[in-house]
Amino acid sequence: MTGPAARVAGPADWPEIIALRTRVFVEEQGVPAEIEQDDRDATAVHVHARDEAGRVVATGRLLLPADGSTTASLGRMAADPGVRGRGFGAAVLAELHEQARLRGVAAIELHAQLPARGFYERAGYTAVGEEYLEAGIAHVTMRRELT
């Protein structure tokens, strides 16, 4: 038996991705709706995973470097509360790593919410800096080399 799988999102997936992000970030965590989506969504590589019923239950995005560097940013990682701890988020993260590698990215940085720090540490990330507030939520910057 295989675990959850993730794939790059297409235009048809976008409404479900936005709905999931709204449920997790805006409704569950209280992030202001006006900052949940931004202009970087248009150029990001979006990845998602679907449950057995075909619903988008996990997502994340990869922001490629615009400055010519080889360090990308990862963000907007969200998993439906009903699937947390079941491998859907890990599948999305693994696919984001693969998409980064395919695009010549050597390292990824992200802003991890403190409760998710262990998730990212298990995936090879290391904290780089002090804790801070972002959208009213405690975060820490984390980094992982892909090579």
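Refer to the preceding data block for the structure.
Trainee: Residues and numbers for the pairing of strand E8 (residues 137–145), please.
Mentor: The pairing of strand E5 (residues 107–113) with E8 spans seven bridges and is antiparallel. By the bridge assignment, Gln113 is partnered in E8 with His139. In terms of strand pairing, strand E6 (residues 126–127) meets E8 through two bridges, oriented antiparallel. Opposite Ala127, over in E8, you have Met142 as the bridge partner. Relative to E8, strand E7 (residues 132–134) runs antiparallel, the two sharing three bridges. Bridge assignment links Tyr132 to a residue of E8, and that residue is His139. If you look at the hairpin formed by E7 and E8, you'll find two residues sitting between the two strands, and Ala135 has a positive phi there, around 55 degrees.

Trainee: How would you summarise the packing of aromatic side chains if you had to cite specific residues and measurements?
Mentor: For the structure shown, the criterion picks out two aromatic pairs. Measuring from centroid to centroid gives 5.0 Å for Phe119 and Tyr120, while their planes differ by 75 degrees, and the two rings are edge-to-face. Since its relative accessible area comes to 7%, Tyr120 is described here as buried. When the centroid spacing of 5.7 Å and the interplanar angle of 80 degrees are considered together, the rings of Tyr120 and Tyr125 count as edge-to-face. An aromatic cluster is defined as three or more aromatic residues linked by ring pairs; in this entry it consists of Phe119, Tyr120 and Tyr125.

Each value, and the rule that gives it
Residues numbered from 1 in each chain as written. Predicted model: local features only at pLDDT ≥ 70, side-chain atom pairs only at ≥ 80, totals over all residues. Heavy atoms only, no water. Pairing = 2+ DSSP bridges. Helix = DSSP H or I, 4+ residues; strand = E, 2+ residues; numbered from the N terminus. Phe/Tyr/Trp six-rings, centres within 6.5 Å; stacked < 30°, edge-to-face > 60°. Buried < 20%, exposed > 50% of the residue type's maximum accessible area, 1.4 Å probe, protein only.

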